[in-house]
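Okay, here's what each chain looks like letter by letter:
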Amino acid sequence: MNKKVQSIVDKIKKVRFSRGDVHSYFEKMQGNGKTLGITVVAAFLVMIFVCAVVFFLNVKGPEQVMVPQVCGKKLANAIIEMGEKELYPTLATRDVTDPALDGIILEQSPKYGSIVNGYSRVSLVVGRISGPDQIDDYVGKNIDDVRNEFYARFAKHAIAPITVGQPSYKVSDKPFGTILEQYPKPGTLISESVELNLIVSKGPEGDSVHPVNFVGKSVDYMLGMLDKCLVVYDFTGHIATDKEKPGTGVSQTKFEEWFVPAYTRVKVDVALPSSNIKNGKETDNRRYGIFEATLARFPAPQPMVFEAETDGTRTVLARFSHTGRSVTIPYAVPKDTILTLYVAGKPVRSETIN
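Structure report, in brief. Source: prediction; values computed, not measured.

1. Let's talk about the overall build of the protein
Item 1. In terms of regular secondary structure, the protein is built from six helices and 20 strands.
Item 2. About 22300 Å² of surface is accessible on the protein, with carbon and sulfur atoms providing 55% of the total.

Here is the structure:
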C-alpha cells in the first residue's frame, strides 16, 4: 500500500471512542435532524476525499525512456527499436545518390541518449535514391547498353523511374540493336515512372554473321564470347571420354557457308568432368554442367544476363541476346553457387549448384 495512504489509515486507527461517547452522540443526532444531515454529508465528503487521495497517489504518468541510436540503420529496424521503447517515428526523406544509403536513417531528433516520456515522437530523416529529372537522348545507342544502364542505375529502386518497353524493330542500315527513335522525346520531364518506347534497327535485310568456333575451347571462353556473335548457341553436355578434355567443347554445327543469317541456332556439345577427384585429391573445386531454361519465343532478340552468386558475391558470367524458347548455357562454378538468368533485367530462373 502507498506510504501516504497507510499514514492516513494509521491516524484513523488511533482515534478511540468510548461506548458511552458513541451512545451519547447518536442520542443527540436522533434528537436533532439537522445534526444528522450534516454528519451524513461530512462522511460522504470524507469518503470522496480519501478516494481521490488514493487515486492520485497510485496513478502514474508515462515512464521516461532513453532514445535509441537508429542513425545508420535500415528504416524497418529503426521502427522496431522505436516500438520496443514505446516511441513513435515521424518520417521525412532526403534524396541521395549512393544506393547504399537508400532506406537508411540519416538523422534523428531527439538524438541518441536523450531522455523523453514514453509515447513521444522521434523525427527521422530517411535516405532515398534520387532519380533523373528528365528523359535523356538514347537515339544512336544500342538497346542492350541502355537496358544494362537502367539495370545498374535503378536496381535499388522499389519502382524504377524509367523502364524500357517492348521495342519495335525495322530494317535499317544501322547495326542491329541501334535505337532509331524514342518516345517520350529527349528532355521530357519525369513526374512518375515512365516506360520508354523505342524503335530499333533490325539491321540491313539479309544481315549475316560468322559463328565463333567453340571446339577445344573452355567453358570460361564460351561464356566470354557469347555476346561476340549474333547467333543462338544450343549447348548440350556429356561425360568426357578418355580421349576428350573435360570442360571443353568437342563438337559444333558445321555450315557449308562461312556466314549464316543472324540468330541462326548453332549446336555445341561440351565434355563434362565425371569427377573432380583424382588420386584422392580435388583437382578442381568447381562444378560443371549445362544451365537450362524454357522461355517464350520472342518476336525480336532479348538481352539476357547470366549471373552467379557465391558466398554473397554476385558476378556476371555472360551477357548475350537470345530469341527465346530453349536457353542453354554452360557453367563451371564453385559448389553452392546460385545461378540466375535475367531477361530484359528481370530474373526468370535460378538454380543452386550442389
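2. Re the pattern of salt bridges
Item 1. Tallied over the full model, the rule gives six salt bridges.
Item 2. Where arginine 94 meets glutamate 107, a salt bridge forms, and the shortest distance between an N and an O atom there is 2.8 Å. You can see arginine 94 sitting in strand 2 (residues 88-96) and its partner glutamate 107 sitting in strand 3 (residues 105-109), a full 13 residues away along the chain.
Item 3. With a relative accessible area of 37%, arginine 94 lands in the partly exposed category.
Item 4. Note on glutamate 107: relative accessible area 39%, which makes it partly exposed.
Item 5. Close ionic contact of glutamate 351 with arginine 349 constitutes a salt bridge, the shortest N to O distance being 3.2 Å.
Item 6. Classification of glutamate 351 as partly exposed rests on a relative accessible area of 25%.
Item 7. Under the relative-accessibility criterion, arginine 349 is labelled partly exposed at 31%.

3. What to know about the side chain of serine 201
Item 1. Position of serine 201 among the secondary structure elements: in strand 9 (residues 194-201).
Item 2. A relative accessible area of 0% means that serine 201 is categorised as buried.
Item 3. Within the structure, serine 201 has its side chain in polar contact with the backbone oxygen of lysine 174 (distance 2.8 Å).
Item 4. In terms of polar contacts, serine 201 uses its side chain to reach the backbone carbonyl oxygen of proline 175, at 3.4 Å.

4. Focus: helix 5 (residues 143-154)
Item 1. When the terminal C-alpha atoms of helix 5 are compared, their 16 Å separation across 12 residues agrees well with the 16 Å that a helix rising 1.5 Å per residue should span.
Item 2. Among the residues of helix 5, those classed as buried are Ile143, Val146, Arg147, Phe150 and Phe154. Taken down its axis, helix 5 places every buried residue within 100° of arc, on the same side. Exposed positions of helix 5 whose direction lies more than 90 degrees from the buried face are Asp145 and Ala152.
Item 3. The elements touched by buried residues of helix 5 are strand 6 (162-164), strand 8 (179-183), strand 9 and strand 17 (286-310).

5. Some words on the pairing of strand 5 (residues 121-129)
Item 1. Direction of pairing for strand 2 relative to strand 5: parallel, over a ladder of nine bridges. Considered in strand 5, the bridge of tyrosine 88 is made with arginine 121.
Item 2. Note that strand 3 and strand 5 share four bridges and pair antiparallel. Along strand 5, the bridge assignment pairs isoleucine 105 with valine 126.

Procedures and definitions
- Residue numbers here run from 1 along each chain, matching the order of that chain's written sequence.
- Only residues with pLDDT of 70 or above have their local features reported here, since the model is predicted, and side-chain atom pairs are shown and tallied only from 80 upward, although totals for entire chains, interfaces and linings are computed over all residues.
- In computing side-chain properties, one takes all heavy atoms of the structure into account and sets aside hydrogens as well as water.
- By the criteria applied, helices consist of DSSP H or I runs no shorter than four residues and strands consist of E runs no shorter than two, each listed in order from the N terminus.
- All accessible areas in this document rest on Shrake-Rupley with a 1.4 Å probe, and a residue is counted as covered only by the protein chains that are shown.
- Salt bridges are identified by distance alone: a Lys or Arg side-chain nitrogen within 4 Å of an Asp or Glu carboxyl oxygen.
- Relative accessibility under 20% of the residue-type maximum defines a buried residue, over 50% an exposed one, and the middle range a partly exposed one, all with a 1.4 Å probe and only protein chains included.
- For the purposes of these results, a polar contact is taken to be a pair of N or O atoms within 3.5 Å, where, inside protein, one atom must be able to donate a hydrogen and its partner to accept one; residues adjacent in sequence count only when each atom of the pair is a side-chain atom.
- Here the expected length of a helix is defined as 1.5 Å per residue gap, with one fewer gap than residues.
- What the arc covers is the set of directions going from the helix axis to the C-beta atoms.
- In what follows, a contact means two residues having at least one pair of non-hydrogen atoms within 4.5 Å.
- In short, DSSP must find at least two bridges between two strands for them to pair.

These values are about where atoms sit, not about what they do.
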